[in-house]
Structures are given as C-alpha cells and as structure tokens.
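The chain contents come next:
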Amino acid sequence: MTALSTSSLRQFASREWGPLLGTVRDALVRDKWRAIPMTIGAVALTSVFQIVQNTSWGFQPVQNLGSVKAVDPLWLALLRTPLSLFVPALDLPVWGALAQILIVFGISEICIGWWRTLVIGYVATLAGTTYARIGLSLGPDHPFGLPVSDRIVNDTGPSAAVVGLAIYVCWRYRAYVTGALVILVMIGEVLIKDNLAGKEHLAAIAAVMAVCVVRAKWGPARSRTPLGQRPPPRGQGLRPPP
C-alpha cells in the first residue's frame, strides 16, 4: 500500500467515523458507565426477561407482557410493544441481543441522548410490527407480502430498533458510507433468508429514513448541522449536544 493510499484511507476514516468516535470516546473517558445509564438499564431488563422466561413459571408471564404476534389484536400488540423490544427472541442466542443493546444503544445514547434513542428505537420497532400486518394482507405472492404462517411468529427482540438507530446515528454524524453498508447488509439478509425479521428490518430502515428526511427538510436548523462539526457549548467539554 502506497503512502498516498494510506493517507487517503486515513482521511476517509477521519471523515466517516472521526466525529462519532470522538464523541463516544470523550463521553466514556469523562463519565465512564455513567454515560449510558439507560443502556445499562435496558441490558439488565433484557437479562431479567431472559432468565424469567426460561423458568417453568415465568415463560407465560413474559409472553403476556412483551410477546407480539401479527395474529394479536392491534391494541394488544401496541400495548406489548414497549416491553417487546427487551424480550429476547426465543430462537436466537441471548448474548446477541445483549451485545446489540450494549453497543448500538450505548453509542446512540451518548450521541443523541437517551430519550431520542428510545423514540427512534420505538419508531423502528413499530414500523416492523405494522409492516407484518400489511405484509400478511398482501399475501405470499406479493414481493412485499408474507405467508400466512408468519401470523403466529413471535416477534420480539431489539433488532429492528438496533437497525433503525444505526441508520439514524449515521445520518446525524454524516457517516453515510457506514449507513449505506448497513442498508446493503439488511437487503442481503432478505435476499438470502426471506423471513419476517429481515423484512421488518427493511421497514424499520424506511421509517427511520423518513424521519431523517423530515428533520432535514423541516426540522430546526441545528438538526441540519452535522453533530460532530458543532463547537461545544462553553463550559461543557468536547461532547456536542444532541
């Protein structure tokens, strides 16, 4: 590798990830685990749900609190959605859900704040839940449709929220290449394994991208300035405000 290509690679990495990594590093160095209290709470809640749902007495209560299926009445699905994000999927290893929450939720909490993290996470999750019902109504012969068997699929876990948050944070910090790669990976997932989860991830991406477009066009002027390029408020260190 020539010196020119090495320099170009460093410049790209600095543009793509510099502001994001700088914000995360500064917050963790300054506040350590206090920088992500909501994320730690989410990891703890997910761990508790995992332990309880694997007991002889706890499975059904956890399902009653946070299990969402397309066959459920809409009001019940919406009532269960807030906790469904923290109920680990039964067919996936729990460490994957915990790692996703710790890393993606943690970065998002530092970069855009805890309440925006929850809002974007729930927008993405609700988009997936809504799509499941639309896909079933379209039927298996439609490109965006779903088979009838997906009516009873247990639709829980943080994956849709994680994908949505990744897209939003990449947009806010202008890490466009990384965001595009996330989208391509999710499209590849659907092409390789055409299932409910994969299509819900695409629905989550579409919903969050719509939020980004609305904020870019009609949001406050601050939202149109890359976070990593804003000067820090006087007396508040290096971390840019969300």
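The rules behind the values
- Residues numbered from 1 in each chain as written.
- Predicted model: local features only at pLDDT ≥ 70, side-chain atom pairs only at ≥ 80, totals over all residues.
- Heavy atoms only, no water.
- Phe/Tyr/Trp six-rings, centres within 6.5 Å; stacked < 30°, edge-to-face > 60°.
- Buried < 20%, exposed > 50% of the residue type's maximum accessible area, 1.4 Å probe, protein only.
- Salt bridge = Lys/Arg side-chain N within 4 Å of Asp/Glu carboxyl O.
- 1 Å grid on protein atoms, 1.4 Å probe; cavity = no way out; pocket = protein on both sides within 12 Å on 5 of 7 lines; lining within 4 Å.
- Points joined across faces, edges and corners; volume = space filled by probe spheres on them.
- Nonpolar A, V, L, I, M, F, W, Y, C, P; charged D, E, K, R; others polar.
- Axes fitted to C-alpha atoms, helices over the stretch in contact; angles between N-to-C directions.
- Helix = DSSP H or I, 4+ residues; strand = E, 2+ residues; numbered from the N terminus.
- Left-handed = near helix turned anticlockwise from the far one by under 90°.
- Contact = heavy atoms within 4.5 Å.
- pLDDT = per-residue confidence, 0-100.
- Patch = residues over 30% accessible without salt bridge, like charges linked within 9 Å, V, L, I, M, F, W, Y side chains within 5 Å.
- Areas by Shrake-Rupley, 256 points an atom, 1.4 Å probe, with all protein chains shown as cover.

A. Quick look at the packing of aromatic side chains. All told, the structure shown has 2 aromatic pairs when counted by the stated rule. An angle of 75° between the planes, with centres 5.6 Å apart, marks the rings of phenylalanine 12 and tryptophan 17 as edge-to-face. The class for phenylalanine 12 is partly exposed, based on a relative accessible area of 26%. Pairing tyrosine 168 with tryptophan 171 gives two aromatic rings, centres 5.7 Å apart and planes at 50°, and the pair type is tilted.

B. Looking closely at the pattern of salt bridges. Within the structure shown, the criterion is met by 4 salt bridges. A salt bridge links arginine 80 to aspartate 72; its shortest N-O distance comes to 3.7 Å. Across the pair, aspartate 72 and arginine 80 agree in class, each one buried. With a closest N to O distance of 3.4 Å, lysine 199 and aspartate 194 form a salt bridge. A relative accessible area of 55% places aspartate 194 in the exposed class.

C. Fine view of empty space enclosed by the protein. Under the criterion given, the structure shown has 1 cavity of 30 Å³ or more. Here the largest cavity is characterised by a volume of approximately 30 Å³. As for the largest cavity, its lining consists of Val68, Lys69, Ala70, Thr129, Ala132, Asp155 and Glu200. Taken together, the residues of the lining of the largest cavity sort by class into 3 nonpolar, 1 polar and 3 charged.

D. Representation of the packing of helix H5 (residues 94–112) against helix H7 (residues 159–172). Orientation of H5 relative to H7, taken along the N-to-C sense of each, is 35°, at an axis distance of 10 Å. Crossing angle aside, the handedness with which H5 passes H7 is left-handed. In this structure, H5 uses Gln100, Val104, Phe105, Ile107, Ser108, Cys111 and Ile112 to contact H7, whose residues at the interface are Ser159, Ala161, Val162, Leu165, Ala166, Tyr168, Val169 and Arg172. Among the residues making up the contact of H5 with H7, the classes are represented as 11 nonpolar, 3 polar and 1 charged.

E. Structural view of the confidence of the model for the chain. The predicted model of the chain averages 88 in pLDDT, with 89% of residues at 70 or higher. Predicted confidence in the chain is weakest over helix H1 (residues 3–31), with a mean pLDDT of 86, and strongest over helix H2 (residues 37–53), with 97. Every residue in residues 230–242 scores below 50 in pLDDT, and together they form 27 contacts with partners more than four places removed in sequence or on other chains.

F. Layout of a nonpolar patch on the surface. Taken together, the side chains of Val177, Leu181, Leu184, Ile187, Leu191 and Ile192 define a hydrophobic patch exposed on the protein surface, amounting to about 640 Å² of accessible area. We classify isoleucine 192 as exposed; its relative accessible area is 76%.

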